[in-house]
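One-letter residues, chain by chain:
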Amino acid sequence: MQSVYIAGASFGSGKSAVVLGFMEMLSTVNLRLGFFRPMVAAGVEQDNLTNLVRGRYNLPSPPEMLYGCTAQTAGQLVAAGRYDDLLELILNKFTLLKESCDLVVCAGTDFNEQVPSLGFDFNADLANNLGCALVLVVKGFRRNPDMCLRALQQAHTSMRNRGGDFLVSFINGIAPEHVAEVQAGIRALMLANEHVYIIPEDPALGMPTMGEVAQALGAECLRGEGESLNQAVATFKVGAMEVAGFLDNVEDGCLIITPGDRSDIILACLAADASISCPRVAGLLLTGGLRPAPSLQRVISGLERTKLSILSVPTDTFDTVLDVNRIQATIMPSDERKIATALGAFESNVDVDDLRARISGSQSGRITPLMFEYQLIRRAKADRRRIVLPEGGDERILRAAEILTLRSVVDLTLLGNPERIRRRVTDLGLKLEGIEIIDPSVSPDRERYARIYYELRKNKGISEEMANDALVDVSYFGTLMVYAGDADGMVSGATHTTQHTIRPAFETIRTKPGTKLVSSVIFMCLPNGVLVYGDCAINPNPNAEQLANIAISSAETAAAFGVEPRVAMLSYSSGTSGKGEDVDRVREAVRIVRESRLDIAIEGPIQYDAAVDPGVAASKMPESKVAGHATVLIFPDLNTGNNTYKAVQRSSGAVAIGPILQGLKKPVNDLSRGCTVTDIVNTVAITAIQAQTDGSRSAACVTTDALVQVKAQVQREPG
């Protein structure tokens, strides 16, 4: 089951009742059920909905795991322009909870004055980044059908533009006489694959209780505890006139607001409450911080049968009226009547079995850039590896190294002159404690690595002297560190060319058994998801078999990093419309993949727009299951791939991670010379994960005795 995110489309949507319905429905399934609030006003202990859910469903998680942050923290991060940091903070807390649960119900943030900018769009972003299916709750209370339908359509459009997954929508609190008209309007909107439930208004759910009034205003309770605070407030009246006129205006279930020194009004309310011929008073709210006279307090304390609650606030009557008018009904943990009403309304108007089945069948293959980058860091930290960075003097490398060290992602080795690197670190104000710095020209390991390189390449004309000279080069030294097991992977290319970075790996590390071709992919982190581009760095003009190998390797790489592989083999035409050598080569590559790997979903030849845009795909390739939803895009040649990824990166602001090499026995990855610090951090994390997957682990060294094995390997492997 996919976790769900229940969000109100506006203030006062009645989201709490829907959350309660979901929790009740899912509590009957044999799952470890969790509950999460991305943001709470002050602390989770003061959050009604969290306390209600935690107590009613006996959730085992401690309170601090059930929310992402406070409104104050969120406001500070947004004000500082750190929106992505806010999302990552919440994602971190959610992931910790999710690890102990099978399914989590998230109750979206409320629309309040504390962080006014964090409205529905913020909830939609969170639902995407938490990997949840969105449940939308549209406000129906005191709205006509047109207003409800317009709000529904706007919210759906906003979510679709973000590439999110809708589960279902609710229009909550619509007047019963408008239900049929709203149902007809929903059908007219033709919201494809999006089911909408309608919950008619129940007046009891729209009324705050005396307990809710007390909590919202921070009022002191002078009288009335327990059940008395569950009295529903249908309306409120200000007690300012003479008693005779006042009693004529009292209505059933009204809250009386009056100064605390109006003994006449207070006595009149007590008398009305005791009389069977007067309307029922829900409670008294005394203003100005004034207490009833001592003689009146004695009368009140002697009343045994009254259920009248008496609250006191320090504000004057005018401000108190404004405060009361802003109170929105909620569900208090102690209000069993309102809980039962909410569950009854949900279960009477929702096909619970159908909804449960929708959740069971809801599994998203979508992964957002934030989710992708966050999981990279988590996976790399889970089993730390040592990564060597040959370009130790580059500012971007040093800044990335600081981030990786502070977050304990990997162990690092920098190559270069230690004195110069440390001076550069000081000039930049960085902290690189615990990072190993090696100068290849004076390293005691240089001779050992040179001996290994000589044994591997002597049949290619490399002499011992040439091997020793080669090991002064940081790319060769770093690569031999990986080969010898002194490092688990290497990342370079910020200042070196691709050829300079990867040539030593081709000469020494070589390809995995069964792999015919080394190729590369770029992870393109676009606003609405992550795409995998291949090959954008290694193979200039691949033939059909090579294209097929690139497609298979790229699909496997995508799957290894959480991107569901749906492969599009790109060309200048889609389907059978094009002819010529270039398109035929792509068509043949598709045939090879389909015959050799039945588990890979692939389409081609196909144009880029038909591969990623469902609308274009519906026109050009309506029968294809990949068209419009491709996640792995294979370019026909290096020229097309390299230019396309750079054009997309620069024009859209996407984060491009890579090139990531695939097919080597141990990971060596290339950076673009235009890379950012973020690119470096992500590439190092990917390299560490590749090392985990490959099962490689750095050892102390390769001894001279092991060179016998090197000789045998050289005899077996060509190149």
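Residues numbered from 1 in each chain as written. Predicted model: local features only at pLDDT ≥ 70, side-chain atom pairs only at ≥ 80, totals over all residues. Heavy atoms only, no water.

Engineer: Is there a simple way to think about the overall build of the protein chain in this case?
Structural biologist: On a plain count of helices and strands, the protein chain comes out with 28 helices and 23 strands. Considered along the principal axes of its C-alpha atoms, the protein chain spans approximately 115 × 60 × 45 Å. Across the protein chain, the fraction of contacts at a sequence separation of at least 24, relative to all contacts at a separation of at least 6, is 76%. Of the roughly 30,800 Å² of accessible surface on the protein chain, a fraction of 49% belongs to carbon and sulfur atoms. Of the charged side chains in the protein chain, 70 are positive and 83 negative; the average position of the first set lies 4 Å away from that of the second. (Helix = DSSP H or I, 4+ residues; strand = E, 2+ residues; numbered from the N terminus. Contact = heavy atoms within 4.5 Å. Areas by Shrake-Rupley, 256 points an atom, 1.4 Å probe, with all protein chains shown as cover. Lys, Arg positive; Asp, Glu negative; His and termini not counted. Charge placed at Lys NZ, Arg CZ, Asp CG, Glu CD.)

Engineer: I keep staring at the sheet that holds strand 11 (residues 281–287) and nothing clicks. Help me out?
Structural biologist: By way of backbone hydrogen bonds, the strands of a sheet pair with one another, either parallel or antiparallel. An order of 8-12-11-10-9 is seen for the 5 strands of this open sheet, with the pairing classed as mixed. In the strand order of this sheet, the two ends are held by strand 8 (220–223) and strand 9 (235–238), each with one partner. Adjacent strand axes in the sheet meet at a mean angle of 25 degrees, parallel and antiparallel pairs treated alike. Sheet topology places strand 11 next to strand 12 (residues 309–312); 4 bridges connect them, and they run parallel. In the sheet register, L285 faces strand 12, and the bridge partner there is L311. The sheet contacts of helix 10 (residues 263–274) involve strand 10 (254–259) and strand 11, and relative to strand 11 the element is tilted by about 165 degrees. Sheet contacts for helix 12 (residues 317–325): strand 9, strand 10 and strand 11; angle to strand 10, the most-contacted strand, approximately 155 degrees. (Pairing = 2+ DSSP bridges. Axes fitted to C-alpha atoms, helices over the stretch in contact; angles between N-to-C directions.)

Engineer: What is the right way to read the pattern of salt bridges from this model?
Structural biologist: Applying the stated criterion across every chain, the model contains 36 salt bridges. Here D599 and R597 are joined by a salt bridge, their closest N and O atoms 2.9 Å apart. On the basis of relative accessibility, which here comes to 57%, the residue D599 falls in the exposed class. A relative accessible area of 21% places R597 in the partly exposed class. A cluster of three or more residues bridged by salt bridges with shared partners is formed by R451, E455, K458 and E464. (Salt bridge = Lys/Arg side-chain N within 4 Å of Asp/Glu carboxyl O. Buried < 20%, exposed > 50% of the residue type's maximum accessible area, 1.4 Å probe, protein only.)

Engineer: Can you walk me through the environment of E391 in this structure?
Structural biologist: Summarising the element assignment, E391 is placed in the loop between strand 13 (386–389) and helix 16 (395–406). Given a relative accessible area of 4%, E391 falls into the buried group. The sequence separation of E391 and P565 amounts to 174 residues, and the corresponding C-alpha distance is 33 Å. Once residues lying within four places of it in the same chain are set aside, the contact partners of E391 are I397, L415, S492, G493, A494, T495 and H496. A polar side-chain atom of E391 sits 3.1 Å from the main-chain amide nitrogen of G493. (Polar contact = N/O pair within 3.5 Å; in protein donor to acceptor, adjacent residues only side chain to side chain.)

Engineer: Would you mind going over a nonpolar patch on the surface with me for this structure?
Structural biologist: Where nonpolar side chains cluster on the molecular surface, the patch consists of L267, V299 and L303 and spans about 210 Å² of accessible area. When you line up the elements, L267 lands in helix 10. Looking at L267, the relative accessible area reads 40%, which means it is partly exposed. (Patch = residues over 30% accessible without salt bridge, like charges linked within 9 Å, V, L, I, M, F, W, Y side chains within 5 Å.)

Engineer: Before we go on, may I ask you to explain the packing of aromatic side chains in this structure?
Structural biologist: The relation between two aromatic rings is expressed through the spacing of the ring centres and the mutual angle of the planes. Inspection of the entire model under this criterion finds 12 aromatic pairs. Between F36 and F94, the ring centres sit 5.6 Å apart and the planes meet at 70 degrees, which makes this aromatic pair edge-to-face. Remark: F94 occurs in helix 4 (residues 83–98) and F36 occurs in strand 2 (residues 33–40); sequence separation between them is 58 residues. Taken individually, F36 and F94 each receive the classification buried, so the pair is uniform in this respect. (Phe/Tyr/Trp six-rings, centres within 6.5 Å; stacked < 30°, edge-to-face > 60°.)

Engineer: Help me understand the sheet that holds strand 15 (residues 436–438), please; the structure alone is not making it clear to me.
Structural biologist: Pairing is parallel in the open sheet, where 5 strands are placed in the order 15-14-13-16-23. Here the strands that pair on one side only, and so sit at the sheet edges, are strand 15 and strand 23 (668–670). Across the sheet, the mean angle from the axis of one strand to that of its neighbour is 20 degrees, orientation sign disregarded. Pairing geometry for strand 16 (residues 489–492) and strand 23, over 3 bridges, is parallel. Its bridge partner lying in strand 23, V491 is registered against N669.

Engineer: What is the right way to read the pairing of strand 16 from this model?
Structural biologist: Every second residue of strand 16 is oriented toward a common face, with G489 and V491 on one face and M490 and S492 on the other, all of them buried. Two elements, strand 13 and strand 16, share 2 bridges in a ladder whose sense is parallel. Across the sheet, residue V388 finds its bridge partner in strand 16, namely M490.

Engineer: Got a minute to help me understand the packing of helix 4 against helix 5 (residues 120–129) in this structure?
Structural biologist: Between two packed helices, what matters for the description is the angle formed by their axes and the separation of those axes. Where helix 4 contacts helix 5, the axes come no closer than 10 Å and their chain directions differ by 50 degrees. Relative to helix 5, helix 4 is oriented oblique. As helix 4 packs across helix 5, the resulting crossing turns out to be right-handed. Packed against helix 4, whose contacting residues are Y83, L86, L87, I90 and L91, the element helix 5 presents D121, F122, D125, L126 and N129 at the interface. Residue composition of the contact of helix 4 with helix 5, grouped by class: 7 nonpolar, 1 polar and 2 charged. (Parallel < 35°, antiparallel > 145°, perpendicular 65-115°, else oblique. Left-handed = near helix turned anticlockwise from the far one by under 90°. Nonpolar A, V, L, I, M, F, W, Y, C, P; charged D, E, K, R; others polar.)

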